[in-house]
Amino acid sequence: MPHQNLNTYICAGDHPDITEERKKATFNTDNFAATLWGTHEKLERRREIAKYVEEHPELHDPYPTEFMDRQESLENVTRKTLLWMEHAENAIDISKQEEGFYFGTLITGSQGHPLSIHLIMAIPALMNNADEEQLDEWLPKAINREFVATYSQTELGHGTNLSKLETTATYDPKTEEWILDTPTVTATKWWPGNLGKSANYTVVMAQLITHGKNYGAHPFFVQVRDEKTHQPLPGVILGDIGPKFGMNANDNGFMQFKKFRIPRRTMLMKNAQVLPDGTYKPPLHPKLGYSSMIFVRSAVVGLMSLYLGQAATIAIRYSVIRRQGEIMPNAGEVKILDYQTQQYRLIPQIARAAAFRFAGIFALEMYNTVIHEISKGNMDALADLHALASGLKAVATFQTALGIEQCRFACGGHGYSLASGLPQIYSVAVGGCTYEGENMVLLLQLARYLRKRAIEIKSGGPKEKPTELSEYLFKTSAKHSLIGTNVSSTNFEHVIESFEHVARRLTLFAHSKLEKLEQSGMEHEIAINQTAVPWRRASHAHTRVALTRIFAHAVQRTTDIAVKEVLQDLIKLYIYYEVGECAAELLEDGFADGHQIEFAKDQVLEVLEKLRPNAVSIVDSFDFNDRELNSVLGRRDGNVYENLLAWAKSSPLNKHDVMPFHHKYLGKMMEDAREQSKM
Ligand SMILES: CCCCC/C=C\C/C=C\C/C=C\C/C=C\C/C=C\C=C\C(=O)SCCNC(=O)CCNC(=O)[C@H](O)C(C)(C)COP(=O)(O)OP(=O)(O)OC[C@H]1O[C@@H](n2cnc3c(N)ncnc32)[C@H](O)[C@@H]1OP(=O)(O)O
Ligand SMILES: Cc1cc2nc3c(=O)[nH]c(=O)nc-3n(C[C@H](O)[C@H](O)[C@H](O)COP(=O)(O)OP(=O)(O)OC[C@H]3O[C@@H](n4cnc5c(N)ncnc54)[C@H](O)[C@@H]3O)c2cc1C
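Note that the structure is predicted; figures quoted are calculated from it, not measured.

Student: Could you clarify how one ought to interpret the site of ligand 1 in this entry?
Tutor: In the vicinity of ligand 1 lie 27 residues, with Lys 287, Arg 297, Glu 436, Arg 448 and Lys 452 positioned nearest. Lys 452 is positioned with one of its side-chain polar atoms (N or O) 2.3 Å from an oxygen atom of ligand 1. Considering ligand 1 on its own, with 1,500 Å² of exposed area, one finds that the protein chains cover 80% of that surface. Those elements that place two or more of their residues in the shell around ligand 1 are helix H6 (116-129), helix H8 (291-321), helix H10 (382-410) and helix H12 (439-458). Top contributing element to the shell around ligand 1 by residue count: H8, with 5 residues. Across the shell around ligand 1, the residue classes tally to 14 nonpolar, 8 polar and 5 charged. The residues that make up the shell around ligand 1 include at least three from each of domain 1 (121-283) and domain 2 (292-619).

As structure tokens, then:
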């Protein structure tokens, strides 16, 4: 097997078709990349880190991971994870999270690694839930990787409904211990990343029972394997849950406790406490224990921008070297990106990736601000953060999954091959629709927030100063949408105001439906369920407003004129494409008319044509390198065909011209048939 990354097989200079595209750019790709990644310095650091990885072959895969079985994958990624940590001091500034994340991604790839949940969830969960003494004891060890931890919440029988988790932690004041127990099969912990084989410690969410009373799910920090032998401790049963749709380099696990005793102070006591005599002290806010979930939900929005941006990069680069069919008879085969349908499929994905990039930054900044306020005892903004992170996570993951599939379809047959990298990106990204709060459930959480705003609107106004992204709910709309009446290529305020109208109307509509059901005598909870679909629509509409407002602010702040122009084209595409997405909702109360929807559709086609010459340069500006993309179709140099052939030749099946079992089955079948026909 060649000791090469699959993207570096054959490099014979850039494909002329892709070079031709790059020459058409109306802006400087480095300036655009710096806008997306923060600053020129940050961009330069990315490139230095990528160069470092290229120059160290021990950080590469011995052969394409697509050809590895699961055990090989786990071993390969575990080996590389250790090297990631060893090389970190030389390659990156370890105090900068984004450098660590990028360096790790370049080395470990996208399918998970043994420290995934340790870094993403276990450390944030300790930081949000451990008291100072506990933090002093565990955090340095966690950062130093003296143990590998994970986050065990979901069970076989319950994931969403945390109140019905079945794992129990019963306090025994005589020994000052907790007794962890898995009372039923459905109480088995199921899914925690890295729990199967890699982790030896875990945060466990369990029903806290003291003096016979159940106080609900609380976090505990539990050692589950021996630190020397790595065997599961007596009283703990552990295993891997088996292959999944994606992320198969991650050992998602299962776990059962058999009356397993742990010390009182393994309960994470920053928020709630249990005293030695078993007295329970409640937290300042009942949902403080859920903050690490909000962290990941916020981070996932930015992560989706990466996945969608990568898929769009692959599909757009491929679409300018792939020639298929003619537009003008006998004028020669065209690049498939010249088809309007191909542009309509692909270029909106770039616009969405940009929107999620800015929303991801916004969500994490808001998370940090709110957590800082909480540390000072101010819980006011927790509900706003939970609502926004829930909506953004749900919409970004869903649209990313759909968008990546569009990119894959748009690559025709080659998109179906793992050599394209697209199935791998899809299988990882689509997991985001489920993990960290199933999307529909999160939209319904946002709906709870909108319901409260609806009640406030009905009773005259907000109880407290609304957030920047929810104050529109308290305003009144114009009588008719202004879409198409105030045409300016840079100001979309009138379109965003139309989205605000839709979100406000759908919120009030769901609320009035709910009220009517309740007035007819229906119980509140039943009426909530009977109005869940309208509430989901309202949540989606509210999130659309947030995404467009955040995107518009980011474009306004851009200083490079040429980059700003492209961003204005992208936001125009994003916004008018969204008009198409919510056309029914704009039309159904007569707020907009058919001409306005038609106008928006024309704007989409017009701006697609304008963006077409810049398409390759825009995806180049995402600055993904070939190692990250892991795609033969998305190679920066465009040399796709010879490398597809080289990739196929490196398949283990092609080690043999004749399969060792050939003569036992097919060979014998044909020989027998030939013999028989002679008789
Ligand atoms: C080197 C450094 C690395 C850095 C890394 C950087 C980036 C990494 C980026 C991304 C991650 C990458 C990859 C991820 C890969 C793989 C996945 C990894 C991990 C996955 C982990 C998990 O999935 S963990 C399990 C997650 N599980 C869930 O999310 C369960 C979902 N369920 C719930 O959240 C809740 O049960 C519920 C919200 C659905 C309902 O809860 P319940 O208690 O029943 O509440 P109610 O509905 O009754 O509501 C009560 C009130 O509480 C409010 N509320 C609910 N949740 C919260 C919250 N989190 N915060 C604040 N408030 C909350 C709710 O609004 C109600 O309020 P009101 O009564 O006022 O309306
Ligand atoms: C790749 C991956 C990694 C994961 N990693 C971890 C991990 O590290 N740690 C961990 O603890 N867990 C992890 N999970 C589990 C994950 O958090 C849960 O799968 C998720 O929270 C959804 O819960 P569930 O599977 O019970 O789905 P369910 O809640 O059973 O959902 C099934 C369906 O029911 C619907 N539904 C459920 N409740 C409601 C409701 N109240 N109203 C309306 N509809 C509802 C949902 O919308 C969905 O359509 C992971 C999952 C995946 C896929």
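Student: In this structure, what is going on with helix H5 (residues 97-108)? I would like to understand it.
Tutor: The α-helix winds at 3.6 residues per turn, so residues separated by three or four positions along the chain end up facing the same way. In this model, H5 (12 residues) spans 16 Å end to end at C-alpha, consistent with the 16 Å of a helix rising 1.5 Å per residue. What H5 keeps buried is the set Glu 99, Gly 100, Tyr 102, Phe 103, Gly 104, Leu 106, Ile 107 and Thr 108. Next to the buried residues of H5 lie helix H3 (40-54), helix H4 (70-91) and helix H20 (626-629). Among the residues trailing H5, Gly 109 stands out with phi positive, at a value near 80°.

Student: Please clarify how H4 should be interpreted in this entry.
Tutor: For H4, spanning 22 residues, the distance from its first C-alpha to its last is 29 Å, which sits close to the expected 32 Å at 1.5 Å a residue. Along its length, H4 shows its largest kink, about 30°, at Met 85. Listed in full, the buried residues belonging to H4 are Ser 73, Asn 76, Val 77, Lys 80, Thr 81, Leu 83, Trp 84, Met 85, His 87, Ala 88 and Ala 91. Its buried side turned inward, H4 meets H3, H5 and H6. Its side-chain oxygen at 3.2 Å from the backbone nitrogen of Gln 71, Asp 69 defines the N-terminal cap of H4.

Student: Explain the pattern of salt bridges here, please?
Tutor: Once the charged atoms of two side chains with opposite charge are near each other, the side chains can pair. For the structure on display, the rule yields 44 salt bridges. Among the salt bridges present, the one from Lys 335 reaches Glu 20, with a minimum N-O distance of 2.4 Å. Of the two residues, Lys 335 is situated in the loop between H8 and helix H9 (340-375) and Glu 20 in helix H1 (residues 16-23); the sequence distance between them amounts to 315 residues. In this structure, Asp 61 and Lys 80 form a salt bridge, with 2.5 Å as the shortest nitrogen-oxygen distance.

Student: Quick question: what am I supposed to make of the pairing of strand E9 (residues 260-263) here?
Tutor: A regular strand carries its side chains on alternate faces of the sheet. With burial as the criterion, only one face of E9 is covered, namely that bearing Phe 260 and Ile 262; the residues Arg 261 and Pro 263 on the opposite face remain uncovered. With 4 bridges joining them, strand E3 (residues 177-181) and E9 adopt antiparallel strand pairing. For Glu 177, the partnering residue across the bridge sits in E9 and is Pro 263.

Student: When you look at the state of the cysteines in this model, what are you seeing that I'm missing?
Tutor: Simply put, disulfide is the name for a covalent bond between the sulfur atoms of two cysteines. Within the structure shown, the criterion is met by 0 disulfides. Here Cys 433 stays free of any disulfide, with the sulfur of Cys 407 as its closest cysteine sulfur at 15 Å. The exposure class of Cys 433 is buried, given its relative accessible area of 12%.

Student: I would appreciate a short explanation of the sheet that holds strand E4 (residues 189-190) in the present structure.
Tutor: Spatially, E4-E8-E7 is the arrangement adopted by the 3 strands of the open sheet, whose pairing is antiparallel. Either end of the sheet is taken by a strand with one partner, and the two such strands are E4 and strand E7 (236-240).

Student: Explain the site of ligand 2 here, please?
Tutor: Near ligand 2 there are 18 residues, and of these Tyr 151, Gln 153, Thr 154, Thr 160 and Glu 438 occur at the shortest range. Separating a nitrogen atom of ligand 2 from a backbone N or O atom of Tyr 151 is a distance of 2.9 Å. In the environment of ligand 2, an oxygen atom lies 2.5 Å from a nitrogen or oxygen atom belonging to the side chain of Glu 438. Computed on the free molecule, ligand 2 has an accessible area of 970 Å², of which 63% lies beneath the protein chains in the complex. By residue number, the principal contributor to the shell around ligand 2 is H12, which donates 3 residues. Split into classes, the residues belonging to the shell around ligand 2 amount to 7 nonpolar, 9 polar and 2 charged.

Student: Hey, could you run me through a nonpolar patch on the surface in this one?
Tutor: A contiguous nonpolar patch, built from Phe 661, Tyr 665, Leu 666, Met 669 and Met 670 and spanning about 530 Å² of accessible area, is present on the exposed surface. Mapped onto the fold, Phe 661 is located in the loop between helix H21 (640-649) and helix H22 (666-678).

Student: Help me understand the UniProt feature "domain: Acyl-coenzyme A oxidase N-terminal" (unreviewed entry) in the protein chain, please; the structure alone is not making it clear to me.
Tutor: Within this numbering scheme, the UniProt entry marks residues 28-146 as carrying the feature "domain: Acyl-coenzyme A oxidase N-terminal" (unreviewed entry). The annotated region residues 28-146 carries 71% helix and 0% strand content, and the separation between its end C-alpha atoms amounts to 46 Å.

Student: What is the right way to read the domain arrangement of the protein chain from this model?
Tutor: How large an interface is tends to be reported as the accessible area lost when its parts come together. The domain architecture assigned to the protein chain consists of domain 1 (121-283) and domain 2 (292-619). The distance between the C-alpha centroids of domain 1 and domain 2 comes to 36 Å. Domain 1 puts 12 residues into the contact, and the matching count from domain 2 is 14 residues. Buried surface at the junction of domain 1 and domain 2, both sides included, amounts to about 930 Å², of which 70% is carbon and sulfur. Counting the surface domain 1 buries against domain 2, the share from its top three residues, Met 121, Phe 245 and Met 247, is 47%. Counting every contact that joins domain 1 to domain 2 gives 0 salt bridges. Linking domain 1 with domain 2 are 1 residue pair in polar contact (both at pLDDT 80 or more). Broken down by element, the side of domain 1 that touches domain 2 gets its largest block of residues, 5 residues, from H6. Of the residues in the side of domain 1 that touches domain 2, the class split is 7 nonpolar, 5 polar and no charged.

The rules behind the values
Residues numbered from 1 in each chain as written. Chains lettered and ligands numbered in written order. Predicted model: local features only at pLDDT ≥ 70, side-chain atom pairs only at ≥ 80, totals over all residues. Heavy atoms only, no water. Near = heavy atom within 4 Å. Polar contact = N/O pair within 3.5 Å; in protein donor to acceptor, adjacent residues only side chain to side chain. Areas by Shrake-Rupley, 256 points an atom, 1.4 Å probe, with all protein chains shown as cover. Helix = DSSP H or I, 4+ residues; strand = E, 2+ residues; numbered from the N terminus. Nonpolar A, V, L, I, M, F, W, Y, C, P; charged D, E, K, R; others polar. Domains from an automatic or database assignment. Expected span 1.5 Å × (residues − 1). Buried < 20%, exposed > 50% of the residue type's maximum accessible area, 1.4 Å probe, protein only. Contact = heavy atoms within 4.5 Å. Bend = angle between axes of the 7 residues up to and from the residue. Salt bridge = Lys/Arg side-chain N within 4 Å of Asp/Glu carboxyl O. Pairing = 2+ DSSP bridges. Disulfide = S-S within 2.5 Å. Patch = residues over 30% accessible without salt bridge, like charges linked within 9 Å, V, L, I, M, F, W, Y side chains within 5 Å. UniProt positions renumbered as here; feature names shortened; annotations may be inferred. Buried area = accessible area lost by both parts, 1.4 Å probe.

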